[in-house]
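Inside the fold
The chain contents come next:
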Amino acid sequence: MKQFSTWQVLKNGFINQKGWKRQWEDAAPKKNYDIIIVGGGLHGLATAYYLAKNFKLKNIAVLEKNWIGGGNAGRNTTIIRSNYMLKGNREFYEHSLKLWENLSHELNYNVMFSQRSHVSLYHSPSAIDNASRRYNIMLNTGSDAELWSLKTLKKKIPHLNYSDDSRFPIYGALVQKRAGTARHDAVAWGYARAANNLGVDIIQNCEVNGVITKNNNIVSLNTSKGNIQGGKVGFAVAGHSSILWQMANLGNLPIESHKLQAFVTEPIKPLLDQVVVFSVGGAHFYISQSDKGGLVFGGDIDWYKSYAQKGNLPIVQDVAECAISVLPCISRLKLLRHWSGVVDMSMDGSFFICKTPLNNLYLNAGWNYGGFKASPASGWYFADLIANDRPNRVIQNHNLKRFEKGYQIDERGAGPDPKLHG
Ligand SMILES: Cc1cc2nc3c(=O)[nH]c(=O)nc-3n(C[C@H](O)[C@H](O)[C@H](O)COP(=O)(O)OP(=O)(O)OC[C@H]3O[C@@H](n4cnc5c(N)ncnc54)[C@H](O)[C@@H]3O)c2cc1C
């Protein structure tokens, strides 16, 4: 693989871009791997990369049923932040943000991470108290946070809806300046390229459709490209986690698969420098502007469980209403596209990186709305779990047993309703 460098860019400018090679090889599956990761989204690819890089492990494959990055990896609104409060989540997401800050260099691939600030609006005096609590925890645990008064907010983002008679008047905002957005498909390609460079086989169009077990171990996986044996197996299939889990005869996971839609408008001149989040009562809305000028936004999950990667019209209306109530100036813009992904909603809104009832099976799932920002740390800690066969201290409570013991990690305090864990 050629390293990207100023010299290579210059040289290829002179030779009609003919000097570039394929970024990663499409491998044919071998009969046997030491480690198989199922799912070629961000989490699967990042895991394979860190297994090879941090632990110098070889003979690893990533099996992807479609094309890499074709799932939620390439469908999300790309918001990255680490404004978490609870033990475990806090350290995990801050570690992820730190990995993001160096990711383009680490992968030698421009993931276009733009630290443009994440601005969470608040709409009542009690919300100011909540935001202040989160702000203090963030500052005291080594992250960055600011509280913006209404005056500051008006100066920074003048075109929000500040009218006094709006349904939810704006009082101010909790801001994380190191937060921002990145180019999602570049992250998938960057991890794939870097993992492949370290010897990982990336096998696309390879669907796992059966799990063969013996004596509490996975012996092999039936796939659309034949039977493949694996010493250790990691599931990182996001919205399809329950399906794989049932293939392994493990019963039900505390996860529901829901559709989440995203939207982009026609491109316009620069309007919004930050990521803005509006979340109050039942309303949930987040918006940023892409480098091409389109406004990218989303809201809540659709109101029923599904594996279909297309959304319903009531949510289009709901999200459009939120958009207009926060940014009335965009009411005449045309929507260019909207699409949907299948998100793996857990019952307390937190993820699972854990061992499973099978000795050589490891689970990475339960990312809800928020797995894009998590992907570097998710790969990092999942690789650590698989390589060492024990959870790191930071993620030790992010397991399936937490529901048996009553130690849910409920960041929002929303209870077992996936819709409320936005
Ligand atoms: C519309 C939308 C907006 C979002 N916005 C944000 C955001 O702003 N910020 C944020 O942090 N997060 C966001 N998310 C969440 C984030 O995208 C996901 O949590 C994250 O991408 C999930 O991890 P992944 O990338 O590995 O999943 P995926 O990309 O879904 O990867 C799983 C892969 O497994 C493959 N697979 C499934 N079954 C099999 C099988 N049987 N055999 C082989 N392969 C299989 C799938 O084809 C898929 O490619 C959003 C999600 C959506 C849908």
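Placed above this text is the structure.
So, a few notes on the structure that sits alongside this text. No experiment lies behind these values; they were computed from the predicted model shown.

Around the ligand, a shell composed of 38 residues is seen, among which E64, A73, T77, Y369 and K373 lie nearest. The contact in question runs from an oxygen atom of the ligand to an N or O atom on the side chain of E64, over 2.7 Å. Between the ligand and I79 there is a distance of 2.9 Å, counted from an oxygen atom to a backbone nitrogen or oxygen. For the ligand, the accessible surface in isolation is 1,000 Å², of which the surrounding protein chains cover 97%. At the level of elements, α2 (42–55), β12 (255–265), β16 (335–346) and α10 (371–388) are the ones that each hand at least two residues to the shell around the ligand. Class assignment for the residues of the shell around the ligand results in 17 nonpolar, 16 polar and five charged.

Let us look at the side chain of R75. Here R75 is to be found in the loop between β2 (60–63) and β3 (79–80). Despite its burial, R75 pairs with no opposite charge; the closest candidate is E64, at 9.5 Å N-O. Contacts of R75, omitting those with residues within four sequence positions, involve G70, H184, A262, Q309, W339, S340 and G341.

Right, let's talk about the environment of I287 for a bit. Mapping I287 onto the fold places it in strand β14 (residues 283–289). Here I287 falls in the buried class, since its relative accessible area comes to 1%. Considered as a pair, I287 and H118 are 169 residues apart in the sequence and their alpha carbons are 9.9 Å apart. Aside from chain neighbours lying at most four places away, what touches I287 is L272, Q274, V275, V276, L295, V296, F297, L327 and I330.

What follows concerns the sheet that holds strand β5 (residues 146–149). The mixed open sheet is built from eight strands, whose spatial order is β5-β6-β4-β13-β14-β15-β12-β16. Each edge of the sheet is formed by a strand with only one pairing partner; in this case those strands are β5 and β16. Neighbour-to-neighbour, the strand axes of this sheet turn through a mean angle of 25°, independent of strand direction. Pairing between strand β4 (residues 118–122) and strand β6 (residues 172–176): five bridges, direction antiparallel. Following the sheet pairing, L121 is matched in β6 by A173.

Inspection of the entire model under this criterion finds 17 salt bridges. D26 is the partner of R22 in a salt bridge, and the nearest nitrogen-oxygen pair spans 3.9 Å. Residue D26 is classed as partly exposed on the basis of its relative accessible area, which comes to 48%. For K419, the salt bridge is made with D300, and the minimal N-O distance between the two is 3.6 Å. Within this pair, whereas K419 is found in the segment after α11 (402–405), its partner D300 is found in strand β15 (residues 295–305), the two being separated by 119 residues in sequence. Exposure remark for D300: the relative accessible area of 4% places this residue in the buried category. Through salt bridges that share partners, E94, K98, E101, D144 and R178 make up one connected network.

Definitions and cut-offs
- Residues numbered from 1 in each chain as written.
- Predicted model: local features only at pLDDT ≥ 70, side-chain atom pairs only at ≥ 80, totals over all residues.
- Heavy atoms only, no water.
- Near = heavy atom within 4 Å.
- Polar contact = N/O pair within 3.5 Å; in protein donor to acceptor, adjacent residues only side chain to side chain.
- Areas by Shrake-Rupley, 256 points an atom, 1.4 Å probe, with all protein chains shown as cover.
- Helix = DSSP H or I, 4+ residues; strand = E, 2+ residues; numbered from the N terminus.
- Nonpolar A, V, L, I, M, F, W, Y, C, P; charged D, E, K, R; others polar.
- Buried < 20%, exposed > 50% of the residue type's maximum accessible area, 1.4 Å probe, protein only.
- Lys, Arg positive; Asp, Glu negative; His and termini not counted.
- Salt bridge = Lys/Arg side-chain N within 4 Å of Asp/Glu carboxyl O.
- Contact = heavy atoms within 4.5 Å.
- Pairing = 2+ DSSP bridges.
- Axes fitted to C-alpha atoms, helices over the stretch in contact; angles between N-to-C directions.

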